[in-house]
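Geometric and topological summary
One-letter residues, chain by chain:
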Amino acid sequence: MKAWLFLAIKDMSKRKRETLMVILAITIGVVGPLFTTALNNGMQNAFVGNAVDVFLGHMQIQPNTGDDVINMSESVVSKASGIKGIVGVAPRVTGGVEIASKTEKIGISIFGVKPSLEEKASTLSKTVGRGEFLDDKDKYELLIGTSLAEILNVDVGDTVLIQYQNREPIEFRIKGIVSTGTWELDRYGIIATYDTVKQLVEKDDATTILIRLEDPDNSLMYKTILQKETTLPNVKTWQELSAGMAGMIETFGAISLLTSAISIFVAAIAISLIIYTTVKNKIRDIGVLKAMGAKGSMILKIYLAEALFIGVIGTVLGTVGGMFLIEGMQQNPLVMQPEYGMKLVIIPWISARSIIAADLAILMTCIIGGMYPASVAAKTNIIKAIWGG
């Protein structure tokens with residue numbers, strides 16, 4: 001074993017209490033960034049991911065400015081479906097109606113979907129909590145969100161009256177209750193089959209067309225392709241459609257980044273203080289070592305080795321503790337249920353890249369934090385150290 005490494009381990013073994021306290025500080029400093037990053041990722045999935053997967057789509061084709069429908073929408077769906085990399089295309093038609101149960105009557109949006117196409121273009125079919133998803137052959141059946149079902153005091157099998165403007169109300173049977181995690185569908189919208197809603201709200205074509213991509217990160221490229229293939233300019237990416245929610249997530253991200261920065265700063269201060277204190281308390285020992293022939297570089301190695309050792313132990317313990325905490329929350333997700341049964345399930349997750357980045361940041365901080373006191377030790381004057389210690 002190298003002399004400097006032996007002396008570093010021996011020095012730390014004499015200061016077990018101080019060493020353990022710094023290791024604990026670094027452990028907490030690692031757990032904080034890992035957990036806040038994982039929680040931020042989970043919130044992004046819950047808010048933005050839910051909306052994109054269920055309601056917005058990876059891309060949307062919308063009517064031209066001044067139009068309320070997409071002209072010849074069936075032809076547009078056919079063209080979009082033939083583009084490589086697009087795995088699902090589904091037209092939707094929407095309008096404003098009134099829904100009335102036995103006890104309540106409120107204004108609501110109604111969405112018309114083609115169930116067989118919707119299963120490929122969105123995850124709407126997977127959000128049915130009670131009852132069944134729609135079938136292409138259904139006519140006067142509908143899906144209703146959990147929040148709206150509570151307000152109207154209805155459940156699967158019940159009937160409601162749907163009225164468009166001053167037309168005669170039409171009776172619909174509730175076929176399923178959905179919990180999508182989006183206000184638009186859980187509280188402010190109902191869903192029926194495409195042709196039924198077209199007839200009900202008196203529209204000849206789709207009002208939006210949802211696109212699902214094989215790789216959502218290529219949305220900007222496919223925006224250009226779709227504009228060219230369909231000759232329709234009003235194509236939106238999921239980033240554009242979810243800009244408002246993304247802003248909220250960025251705020252959480254900024255908080256996460258601030259937490260990480262504070263954790264790293266605390267780790268640097270803790271490492272620097274303990275090594276600086278050690279250097280000051282062992283100034284005579286350092287002088288003796290130098291008198292025995294130890295070079296400044298050897299003294300530097302001793303205290304940098306201490307900083308690195310403490311940093312590695314604290315980082316490993318923090319990573320294990322952080323992953324244990326994240327795993328625990330994955331098994332028991334955070335469920336947000338703000339109002340009327342609408343449910344958001346937040347499942348934290350973190351990528352290997354983020355873990356490595358956090359660990360390296362802490363380790364580099366430990367080394368940098370140990371540099372100044374280690375250099376002070378290395379430059380100590382022999383005579384002053386021995387007589388002044």
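Throughout, residues of each chain are indexed from 1 in the direction in which the sequence is written. Per-residue local features of the predicted model are confined to residues with pLDDT of at least 70, and side-chain atom pairs are confined, for both listing and counting, to 80 or more; whole-chain, interface and lining totals are unaffected and use all residues. As a convention, hydrogens and water are excluded, and side-chain values are obtained from all of the structure's heavy atoms.

**Quick word on the side chain of K203**
Relative to the elements of secondary structure, K203 occurs in the loop between α7 (194–201) and β9 (208–213). Despite its burial, K203 remains without a salt bridge, the nearest opposite charge being carried by D68 at 5.0 Å. Among the polar contacts made by the side chain of K203, one reaches the main-chain carbonyl oxygen of T94 at a distance of 2.8 Å. In this analysis, two residues are considered to be in contact whenever any of their non-hydrogen atoms come within 4.5 Å of each other. Setting aside its immediate chain neighbours within four residues, K203 contacts D68, V69, V93, T94, G95 and K198. Strands are runs of DSSP state E lasting at least two residues, helices are runs of H or I lasting at least four, and both sets are numbered from the N terminus onward. Using a 1.4 Å probe on the protein chains alone, a residue whose accessible area is under 20% of its type maximum counts as buried, one over 50% counts as exposed, and one in between counts as partly exposed. The charge count treats Lys and Arg as positive and Asp and Glu as negative. His and the chain ends do not count. The salt bridge criterion pairs a side-chain nitrogen of Lys or Arg with a carboxyl oxygen of Asp or Glu, the two atoms within 4 Å. Polar contacts, as used here, are pairs of N or O atoms within 3.5 Å; protein pairs need one atom able to donate a hydrogen and one able to accept it. Residues neighboring in sequence count only if both atoms are side-chain atoms.

**Section: α7**
Burial analysis of α7 places six of its eight residues in the buried class, the great majority of the element. By the burial criterion, the buried members of α7 are Y194, T196, V197, K198, L200 and V201. In this structure, the buried residues of α7 make contact with α3 (73–81), β2 (86–100), β3 (105–113), β6 (159–163), β7 (170–178) and β8 (189–193). E202 lies just past α7 and shows a positive phi near 60 degrees.

**Some points on the pattern of salt bridges**
For the coordinates displayed, the defined rule picks out eight salt bridges. A salt bridge links D53 to R212, with the shortest nitrogen-to-oxygen separation between them at 3.6 Å. In this pair, D53 is assigned in helix α2 (residues 16–56) and R212 in strand β9, connecting sequence segments 159 residues apart. The class of D53 is partly exposed, set by a relative accessible area of 26%. The residue K114 makes a salt bridge to E74 at a minimum N-O spacing of 3.1 Å.

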